[in-house]
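Observations on chain architecture
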Amino acid sequence: MIFLTLLAPIFAPYILGWPALATLVTLAADLGITLGLGVAAGNPGLPDYLSLSLTITLVGAWLGLTLATALWRNLESSFDRMPWLRHTQELQSRKGGRTYQTKCPFTGLRPTARCPSCSCRVHDIALQPPDRWVESLPVCDVPLRWDLAKEAMAGAENPIQARESLDRALDFRGNVLLAGVTTCCVGCAAWQKNCHLRPRLALGMTSVSVTFVILPWAFSGFSDTIGVAGTALQVATEALAVSYSTLALLVQIQAVLRANAFLVEYAAAVPELLPLFRPPTAGLLAHLHALFLHTPWEG
Ligand SMILES: [Zn+2]
Ligand SMILES: [Zn+2]
Ligand SMILES: [Zn+2]
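Everything numeric here is computed off the predicted structure, so don't read it as measured data. (Residues numbered from 1 in each chain as written. Chains lettered and ligands numbered in written order. Predicted model: local features only at pLDDT ≥ 70, side-chain atom pairs only at ≥ 80, totals over all residues. Heavy atoms only, no water.)

1. So, the overall build of the protein
Our working rule: Every helix listed is a DSSP run of H or I at least four residues long, and every strand listed is a run of E at least two residues long, numbered separately from the N terminus. With a 1.4 Å probe rolled over the protein chains alone, any residue whose accessible area is under 20% of its type maximum counts as buried; one over 50% counts as exposed, and the rest are partly exposed. In short, Shrake-Rupley with a 1.4 Å probe defines the accessible areas, and a residue's cover is counted only from the protein chains shown. We count Lys and Arg on the positive side and Asp and Glu on the negative side, and we leave His and both chain ends out. For charged residues, the charge sits on one atom: NZ in Lys, CZ in Arg, CG in Asp, CD in Glu.
Assigned secondary structure in the protein consists of 10 helices and 9 strands. Its C-alpha atoms put the protein at 85 × 50 × 35 Å along the principal axes. Taken across its 299 residues, the protein has 45% of its residues classed as buried. Carbon and sulfur atoms form 65% of the exposed surface of the protein, whose accessible area is close to 15,300 Å². Put simply, the protein has 21 plus and 20 minus side-chain charges, and the middle of one group is 12 Å from the middle of the other.

The structure is reproduced here in structure tokens:
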């Protein structure tokens, strides 16, 4: 949590690419308010109220988006049942009593590899190599399939086999700061990054933002006694609150847009994947949408 707090402002722009620049706009607006109108240490005045409203608006937008994609149209419901697996059953052929999955559900090609998360057999094209630094960054690194690990131990008859499946389950990992995962199929990658890792990062940053926004109000007496330093502290915490909440909102927007883009791309191959909306195809909106789908440093 402490690493997430400290490192998020560095890694969130890395995850976001160009849209991260929007943070400079809200930050400039906040500094315009607090420095332009003149924050005074101690009792909160107009600039403090305006800065607070800005943060509340951003946090509210994040909350609205998060709730809408969980309660109104559940984004994860297209992923967590791994419909591409069910779909492969139609592609199985029986040969001498054993069933073979003969086609990769994402590409329709002959399978060449197995996804360590969902065990789907996919073609190379649908197998994602590990994201950059995921295997080397030691902080905010999380196993993503605890459920598989538990299953491996629960159904343990053969200890060696159980150990192998446990290892495989724990080796499939993600990093919250990078929104990246180790090798897996494109379905699991889109699912884990956009339904777990990015939302977790956004939630973490929102919590930090809310903490910063409360500080000047909770310690107005203290900031009053230290005078100019108190004013500087108040300007800084309010600026941090606005920055963190902007980044959180952007990361959540990116999660929804990327998950939806995946659903749109593979809906033809796996009909159970249901896109939330049709992506914009022309105009400014289409341009903005594209910026969220690709960073300049992604391969
Ligand atoms: Zn998979
Ligand atoms: Zn989930
Ligand atoms: Zn590319």
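2. Things to note about the sheet that holds strand 6 (residues 141-143)
Applied cut-off: Paired strands, as defined in this entry, are two strands with at least two bridges between them according to DSSP.
Taken together, 3 strands build an open sheet; the order of strands is 6-7-8 and the sheet is antiparallel. The sheet is open, and its two edges are formed by strand 6 and strand 8 (180-181), each paired on a single side. In the sheet, strand 7 (residues 173-175) pairs with strand 8 via 2 bridges, with the strands oriented antiparallel. In the strand pairing of strand 8, Asn175 is matched with Gly180.

3. Quick notes on the packing of helix 9 (residues 228-266) against helix 10 (residues 283-293)
The line we're drawing: Here an angle of 0 to 180 degrees is reported between the N-to-C directions of two axes, which are lines fitted to C-alpha atoms, with helices fitted over the stretch in contact. The labels follow the angle: roughly parallel below 35 degrees, roughly antiparallel above 145, roughly perpendicular from 65 to 115, and oblique for the rest. For this analysis, residues touch if any pair of their heavy atoms sits within 4.5 Å.
Two elements in contact, helix 9 and helix 10, have axes separated by 9 Å at closest approach and are oriented at 95 degrees. If you check the angle between helix 9 and helix 10, you find them roughly perpendicular. Listed contacts from helix 10 to Leu250, Ile253, Gln254, Leu257, Arg258 and Ala261 of helix 9 are His289, Phe292 and Leu293.

4. Here's the deal with the UniProt feature "transmembrane region" (unreviewed entry) in the protein
What counts here: UniProt positions are given in the numbering used here, feature names are shortened, and annotations may be inferred rather than shown by experiment.
Those residues carrying the UniProt feature "transmembrane region" (unreviewed entry) are residues 52-72, 201-219 and 231-251 in this numbering. Split by type, residues 201-219 is 95% helix and 0% strand. Its first and last C-alpha atoms lie 27 Å apart. In residues 231-251, helix accounts for 100% and strand for 0%; the two terminal C-alpha atoms are 30 Å from one another.

5. Description of helix 2 (residues 22-37)
Condition: Helix span is expected to be 1.5 Å times the residue number reduced by one. Our arc is simply the arc of the directions from the helix axis toward the C-beta atoms.
Under the 1.5 Å per step criterion, the end-to-end length of helix 2 is 22 Å for 16 residues, consistent within 8% with the ideal 22 Å. What helix 2 keeps buried is the set Thr23, Thr26, Asp30, Ile33 and Thr34. Projected down its long axis, helix 2 shows its buried positions confined to an angular sector of 100 degrees, all on one face. Exposed residues pointing more than 90 degrees away from the buried face of helix 2 are listed as Leu24, Val25, Leu35 and Gly36. Summarising the contacts, the buried residues of helix 2 are in contact with helix 3 (46-72) and helix 9.

6. Here's the deal with the packing of aromatic side chains
Heads up, the condition is: Aromatic contacts are taken between Phe, Tyr and Trp rings whose centres are within 6.5 Å, Trp giving its six-membered ring; a plane angle under 30 degrees counts as stacked, one over 60 as edge-to-face, and the others as tilted.
All told, the structure shown has 9 aromatic pairs when counted by the stated rule. Taken together, the ring pairs connect Phe79, Trp84, Phe106, Phe262 and Tyr266 into an aromatic cluster.

7. Quick word on helix 9
The terminal C-alpha atoms of helix 9 lie 57 Å apart, and with 39 residues this matches the ideal 57 Å at 1.5 Å per residue to within 8%. Among the 39 residues in helix 9, 29 count as buried, and that is most of the element.

8. A closer look at the coordination of the zinc ion (ligand 1)
A four-donor tetrahedral metal ideally has 109.5 degree angles, and a six-donor octahedral metal ideally has angles of 90 or 180 degrees. What counts is decided by this rule: Because water is not among the atoms used, a metal site may look incomplete, as its donors are only the N, O and S atoms within 2.8 Å, or 3.2 Å for Na, K and Ca. Four donors are marked tetrahedral only if all angles between them lie between 85 and 135 degrees, whereas four are marked square planar and six octahedral if opposite donors are more than 155 degrees apart and the other angles lie between 65 and 115; the remainder are marked irregular.
Looking at the zinc ion (ligand 1), the protein donor atoms are Cys115 (SG), Cys118 (SG), Cys185 (SG) and Cys188 (SG), and they sit 2.3 Å from it. If you look at the zinc ion (ligand 1), its 4 donor atoms make angles of 106 to 114 degrees with each other, and the shape they trace is tetrahedral.

9. Structural notes on the environment of Cys140
For Cys140, the location among the structural elements is in the loop between strand 5 (127-128) and strand 6. Note: C-alpha distance between Cys140 and Leu7 (133 residues apart in sequence) is 9.9 Å. With residues up to four places along the chain from it excluded, the contact list for Cys140 reads Phe3, Leu4, Gly174, Asn175, Val176 and Leu177.

10. Description of the nonpolar core
Selection rule: We call a set of buried Ala, Val, Leu, Ile, Met, Phe, Trp, Tyr and Cys residues a nonpolar core when their side-chain atoms join them within 4.5 Å.
Among the nonpolar cores identified, the biggest contains 66 residues, and Phe79, Trp84, Phe106, Leu201, Met205 and Phe262 are the most heavily contacted of them. Of all the elements in the fold, those that place two or more residues in this core are helix 1 (2-16), helix 3, strand 9 (184-185), helix 7 (186-218) and helix 9. Among the elements that make up this core, the one with the highest residue count is helix 9 (14 residues).

11. Some thoughts on the pattern of salt bridges
Applicable threshold: The rule for a salt bridge is simple: a side-chain nitrogen of Lys or Arg has to be within 4 Å of a carboxyl oxygen of Asp or Glu.
The full count for this structure, using the stated rule, is 5 salt bridges. A salt bridge links Arg173 to Asp141; the shortest N-O distance between them is 2.8 Å. One end of the pair, Arg173, is in strand 7; the other, Asp141, is in strand 6, and 32 residues separate them in sequence. Measuring nitrogen to oxygen at the nearest pair gives 3.4 Å for the salt bridge that ties Arg163 to Asp167.

12. As for the packing of helix 2 against helix 3
In a pair of packed helices, the angle between the axes and the distance between the axes together describe the arrangement. Heads up, the condition is: Helix crossings are classified by the rotation of the near helix relative to the far one: an anticlockwise turn of less than a right angle makes the crossing left-handed, while a clockwise turn makes it right-handed. Residues are sorted three ways: Asp, Glu, Lys and Arg are charged, Ala, Val, Leu, Ile, Met, Phe, Trp, Tyr, Cys and Pro are nonpolar, and all the rest, Gly among them, are polar.
At their nearest, the axes of helix 2 and helix 3 sit 8 Å apart, and the two run at 165 degrees to each other. Looking at the two axes, helix 2 sits roughly antiparallel to helix 3. In this structure, helix 2 crosses over helix 3, and the sense of that crossing is left-handed. Note on element contacts: helix 3 touches helix 2 through Leu46, Pro47, Leu50, Ser51, Leu54 and Leu58, opposite Thr26, Ala29, Asp30, Ile33, Thr34 and Leu37. Counted by class, the contact of helix 2 with helix 3 contains 8 nonpolar, 3 polar and 1 charged residues.

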